Amino acid sequence: MSKERRNPCLFDQANFLSKLTFWWLNPVFGRNPQSVADKSCQYDVAASDEADLLERRLDSWWKKEVRQYCEGGDANLKKAILSTFVLQWILPGLVLLLAEVFRLCQPVLLGFVVGYISGDPTLTPKDAYLYGIGLGVMVFLHAITSTIYFFLTRRTALKMKTSLEALLYRKVISLSCEAALMTSPSVVKEQFTANGDVFTGVVEHVHYLWIGPVQVAVISYLLHREVGTAGLLCLVVVVAVVLLNTILEVAASKLREKSRVWAEQRWQLTSHILAVMVQIKVCCLESTLTPLITSLRNKELRGIKGLAAVHAILWCMLGGVCRLMLLLVVLVAMDTQGMVTLRSVFTCLALLDVLMWSLHRFPVSGVRDWLVMGSTLDNIQNFLLLDEEKEQIKDLRLHRTVSYRNEPYADWVVDIDHMTARWPTVHTGERKRFQKRRTRDSTSSTKSLLHESDVEHAFSLKYLSLQVKKGELLAVVGPQLSGKTSLLMTLIGELPYEIGQISVNGRVAFCAQEPWLFSGSVRDNIVFGDTYDATRYEMVIGACSLTQLLEILPEGDETQVGERGLDLSRGYKAKITLARAVYHNADIYLLDDIFSCVDSQTRQDIMKWCISGTLESKTRVIVTRNLQYLKAANRIAVLREGSLFDIGSYEELQSKGVDIREFVTSDQSQSQHKGQLEAEEENFRVRLALWKAQKEDVKSDDLTSISDLRLLFTFLSGKLFYCLLPLLVLLWFGAQSLGLASDWTLATWVSSQPATGASAEQTSIIYQASPVPLVSPSVLVTGRPQENVDDVAKPLLYPLFVAIATVLGLAFALALVEMCVSAAKRCHDSMLEALMRAKVGFFLTASAESVMSVFSHHLSFIDTCVPCLSYLTAETLLRVFGLMVVMCAINPWLVMAALPLLITMATLQVFGARTLKGVRTLREKAREPVKSSITETLQGLETIRAFKRRDHFTEGFDAHLNLLSWSRFLALCVHSRLLLICVFVIVLFISAVIYVSIMLVGSINSGLLALCVTYCVTLLTPVQALMQYAVSLGDHMMSVQQALALRREEQEPALFSDKPPPDDWPNRGSITFSSTSLLAGPNGTYLLRDINVHIKSREKVGVVGDAGSGKYSLVAALLRLGQVQGMLFMDGFDILKIGLHELRKNISVVPKDPILLPGTLRSNLDLSGLLSDEELWGILEQVGLRDRVAGIRGGLSVDVGVDASLLSLGQKQLLYLARAVIRKTKLILFEEATDNIEPSVNDQIQRILRAKFRDCTVLTVAHRLPSVMDCDRIMVFHKGEAKEFDTPYNLMNTGDGYFMRLVEQGSRRQAQHLRSLAELSHQQRASASLMLEHAVFMATEQLHASTEDLTFRPGSLAWSNLAKFTKSQDSLEKAYSDWGSRGDVRDEEVTSPLARPKPQVSMAPAQKLINKRRMSPNRGKRAGHADREEVTEKEEGGEQLPLLSYDTPPKLLAQNSAESDEAGREKERTYRPNNGKNVPRSVESSPIVDYSSSPRPRVRSPTNQNAPNRDTDRSSSNPRGVVERRILETSIDTPPVPRRNFSPSPSIGEASAPPARVQGRSEKSRGRTSGRVGYPSSRPRIISGEYSPPGQESKEDTERIIFC
């Protein structure tokens, strides 16, 4: 509670008359909504409504109940609340009693006025005026008292709600650690939201439980006075109505329970889907999961529809019962008394009208609300009783307080003497006897919430003695579950101890292992309630490495963080948490594994500048698992199983033989930890960019400016609405017409009876007796008794008309229910569709809790309240309007009074709607801090209590709760003021109608005047109901507004395009990034910038980078999860121009955090559902999951549930790989798991990636460099740019590259291991290239031999003979001569291939080239290039393509290896980013090769005619006349197989990316070779977005060969 009140409450400053008339609301009344919200929040809550005051009143009574509970009795929260607000309960009851007395007086006085108007000779005009004055006074007093009752009951409910919420928060902040861990924040929030309207309903209706019987007795007495014993029949009707209400309410409760069960399942499924929406979009499962939610929604709506139908039956039956009751009373009265006067009929109708309105609340509404409140309070009571029984058990009376001292001259700061501590979760004999004595049910909610164990103890620290000296750095180590954190919890008093003693000398600052922030600015989280010191603050910022964070935040240290602000990464949260402890300037610092959330560089800085710098003179107790920091500690305490195993310095422990490495983090765990940090940093960068873009993007279509009526029409509009609207109108008018006919029939029949003195017009007041109005009775004004109807038949027609009208009314109600349920279904479906189609950025920035609030809390109001209130508001409005029309038609002079009334109500509607909308906006804003405070307090209990900030947070919560309470109270006052003004105007109008009617007796038909007076008297109740319905509907329009806001979220592009790619696309898997960038939102910052990279088909590429480098954003760009700019090609198609599903279904993604979707294991494996069990088991065997799945009960049919834990993280990734095997996609995106994964499973994953996806392009995003060292190439990212892209071997030979910086971040041993892996992969790839080249050469020669029809024995084409081949044709003929001269071949069998006739068969390209040159007349003149004639082959498209030849045999790569390595390093230095220059992005000068299934390699001629001809530079001194051909340089890693097919155009093919070159071997480094297979060099090499175009290479580069 705030000690200083800046702006005292307006209500407290007002006098009694101002409070009674709500005149004090003028400063905030009638303004626009935003100004109302801004102006209202400046005032404090009323002094009597402050949360702290109300909580203390309730807590005093609740402690009595707790004391009784601990003594073996039962606690009763309802009793405590009623005892606290007993006076606030009694006073409204007395006011209601007066209001009902005034209301019962109205029918009596109305009878006298009607008697005078109808010509009763016993009444004089003076008597009539007196009765008229009395009637007006009774109406006025009833209006005032009913308004006061409404205000008092609602305010009492608000006080109860506020006091209970304050009590709940104090329970939350005082929970023990075990209770807090066992209690979910969602459960606690449910306790806060559950008491929303239960108090309002029960306080308003509970008084009818005792006033109702009194009212029935009085009405029965008055009816007996009017019609004798016939009046007692109302008791029978009351009993029948009560029984009917009870039966229908029981049925409604069952339907409500079924609907609630389905709703909870839908909420759970929606919440789970919302948490993994990104993966759902990646897997294209939106259309699969939407029917699951829709089916649950349909089941829920069936219950809601049945519930609404039950209520509709009740409403319609009550109207029919009222009419039949009147007929029964009249018939019995006529039979017993022989006559009935119109005065008696009107009086009976008015009394029955009062009775029917009371039966709406008594007894069903009161009993139902009381039971609902009891059930809600029982759940809250179970939560409030947590930890209470443990405090009262004698053998569990544990010490929770630590002895804090202040002895500045002592040399110790912590002294633990033989301490034994444990969590009090045991069931000892004393506790069992305690529970048996209390006779509690074994299934209590307290026990279920705590999940207490039946073992002797869950964990304990046993006989631990330790003394920490002043200024000492004590490191605490030990295996998992050894008690390290428990030791720190004991020192701050969170873990209670049984025996021993703990003394702490000085102030304590605590830094939890899990970083915690609350909603507020960065500065508020660091200062944490202390006085702000700028000097110390700056020092702490630098010591805790927070300078970089404050530079990137848009508002610096004033940026709002936490649940209601920017969600920081775990590393930044840990830094702020540490800064909070350092700023506290304590004597003792307890640091629980603070290094586990930051990277290695940050750990070194914190250790140097903070722990060993700023805190050097302080006592530090640090829990860590890092070996390098243990050496800096003065002493190391080793814990084992809760006991102190040993203590000493690092050298002393080593001398004792204690293996410290046993307690430190392994290399694999460090790698996993690094991966987690990198992923979190990457996600934070994305969230920050989206958050900035969201702050800058101001939406113009703000829904707060839309009126409630427009929101309602938007909600109801739909196809069914327009179809049912005419039917509803017909049913409504039909039911009203038949009801009117029944009234007219009864009126004419009664008026025709002797001595009744009644007219048909007067008897039409029967309409007013019905609690459910049917139609405006304006047509009755000209009604006349029908002379042609037999008087005997009229009593029979009346019940017939009533029955038909009731049936039509029921049909109308059911049709209306169908329309409203359809609107609710359409609203949910549209929200779900908008959620499924929303952009990924929405899920990264929006709070999951706020989205789920729309699907649960707001949607429940839309389902139940909005349709009902819409019907009641519209129907009541039409009824009031009909009554006004009838009265003005009877007496035209009343138009002069009706116009001011209508103008006043319209003005109130305009200004009142603005004010109420502003107050509702303020209420919604004030509700968010209250909700977020619950979650944040539960997560930071240890920190709050360790820093002694419990009172600080309690005051903060009270401030938030006071603002919420003030907004609620302000809305109530505005509502009451509107109601009071309307009632006052209506009372004036009623008085005018009464007096004018009395004055006009004789000039207007007496029956019409009586009807007019009766209508005006009954006008007050519908006007009051109309105001309440309209305000309540406006309140629930906030739910519709939230739903519409969700439906208006920005959507993703189309899922399918007009020009989809072919069915077999992609068939290769090549990827080309051309000036590709990824933005966070349309106007956001760049996550990736200007990426120019070409990835060949079947290439295995590793993607690495430091934290926040953008390597995960590359996957997002490929999947189009963000705003992509530039061009991005996959197998010739620009993926930015096709549908999202057309793209994502052709890419298999294995995320770093895989999840199992709701359903069976089969549905998670086979998303299409087309494979048989045998096929699925075979695929599981391929990925190594068959044994694991077979060991699960149920196998493939097992239901994994929402939170599936059947498979580990690595096994889930194997399941995703099995999906990729099923889908047979050509592109695999694999994200290395960031959490701890089994080494065997990780190795299995890597083997599967290399064995099962050899024909696929695989991109591996890794944080562990060993995982990508055997990739063909590695792409290195830094700050969103691709800095390096080359083979691992070449990157390792770069001295100061970005990749080497990543390597140097590890230890020297790890760097040496990476270098060994790179060299091994390089040698293996070279060997594979030699074998492939050998195979290609052998196949070419075999084809040549078969074409020439050579007859050689098997084995004659040995490698020893083939090695003799040279580039010249003479060498080729010499080889044939050598084969023919062998002794094992007869001379007659050897024939020169040149002399034989060529068979008419299709020849290979190499054979065509050989034959062409063999037959050339200039065979010996091979000195010039101009004499050479290219051999071409015409493709199907008519395009001439130059052929490749296989001229030279391969040489071993090992030759001249030293020279080759040196040449490679020299060329790598030429490709450094700093040496790159901007060049044109043209690739026309380089040939384009398409790789398909054809074994014949073909090269497309360059389209650029101006490209330099490098063959003209050939030296004429070539002794052998060797013709050097241009070849395409390919990767040395995994050479692609040349294919026959070609891309349609050079601009979108595989080689359409800007060309770049990679490190290779020159011909000089290898020596001259012949017969080698190669391709023209056009391979792109990207360095910081720059490349060397073809045509600018040196001669050495042109001659360079990379093996296929």
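A brief look at the structure comes next. Just so it is clear, the structure is predicted and the values come from calculations on it, not from any experiment.

Calculation rules
Residues numbered from 1 in each chain as written. Predicted model: local features only at pLDDT ≥ 70, side-chain atom pairs only at ≥ 80, totals over all residues. Heavy atoms only, no water. Helix = DSSP H or I, 4+ residues; strand = E, 2+ residues; numbered from the N terminus. Buried < 20%, exposed > 50% of the residue type's maximum accessible area, 1.4 Å probe, protein only. Contact = heavy atoms within 4.5 Å. Arc of directions from axis to C-beta. Polar contact = N/O pair within 3.5 Å; in protein donor to acceptor, adjacent residues only side chain to side chain. Expected span 1.5 Å × (residues − 1). Phe/Tyr/Trp six-rings, centres within 6.5 Å; stacked < 30°, edge-to-face > 60°. Pairing = 2+ DSSP bridges. Axes fitted to C-alpha atoms, helices over the stretch in contact; angles between N-to-C directions.

Examining the environment of Val821
And then number 1: Following the sequence through the fold, Val821 ends up in helix H32 (residues 794–837).
And then number 2: With a relative accessible area of 9%, Val821 lands in the buried category.
And then number 3: Considered as a pair, Val821 and Asp863 are 42 residues apart in the sequence and their alpha carbons are 7.0 Å apart.
And then number 4: If we skip the residues at most four places from it in the chain, Val821 touches Leu301 and Lys305.

Some thoughts on helix H5 (residues 77–84)
And then number 1: Residues of H5 that are buried include every one of Leu77, Ala80, Ile81 and Thr84, and no others. In an axial view of H5, the angular spread of the buried residues amounts to 95 degrees, which keeps them on one side of the axis.
And then number 2: Buried positions along H5 lie against helix H4 (51–70), helix H6 (86–117), helix H7 (125–173), helix H10 (198–205) and helix H16 (364–384).
And then number 3: The backbone nitrogen of Lys78 lies 3.1 Å from a side-chain oxygen of the residue at the head of H5, namely Asn76.

Brief notes about helix H37 (residues 950–999)
And then number 1: Between the first and last C-alpha of H37 there are 72 Å, a value that for 50 residues agrees with the 74 Å anticipated at 1.5 Å per step.
And then number 2: Of all 50 residues making up H37, 35 are buried, and the element is well covered by its neighbours.

Side note on the side chain of Ser18
And then number 1: Mapping Ser18 onto the fold places it in helix H2 (residues 16–21).
And then number 2: Other than its neighbours up to four places away in sequence, Ser18 contacts Trp23 and Trp24.

Here's the deal with the packing of aromatic side chains
And then number 1: Across all of its chains, the model carries 23 aromatic pairs by this definition.
And then number 2: Here the aromatic rings of Phe11 and Trp24 are separated by 5.5 Å at their centres, their planes lie at 75 degrees, and the arrangement is edge-to-face. Of the two residues, Phe11 sits in helix H1 (residues 10–13) while Trp24 sits in the loop between H2 and helix H3 (33–40), which places them 13 residues apart along the sequence.
And then number 3: Their ring planes at 70 degrees and their centres at 5.9 Å tell us that Trp1065 and Phe1133 sit as a pair that is edge-to-face. Here the residue Trp1065 occupies a position in the loop between helix H39 (1020–1047) and strand E13 (1071–1079), and Phe1133 occupies one in strand E17 (residues 1133–1134), the gap between them amounting to 68 residues.
And then number 4: Note on Phe1133: relative accessible area 28%, which makes it partly exposed.

Things to note about the sheet that holds strand E18 (residues 1148–1150)
And then number 1: Here 6 strands make up an open sheet; going across it, the order is E18-E19-E20-E15-E21-E22 and the pairing mixed. Two strands in the sheet have a free side with no partner beyond their single neighbour: E18 and strand E22 (1281–1286). Across the sheet, the axes of successive neighbouring strands diverge by a mean angle of 20 degrees, strand direction being ignored.
And then number 2: Here strand E15 (residues 1100–1105) runs beside strand E21 (residues 1273–1278); their pairing, made up of 5 bridges, is parallel.

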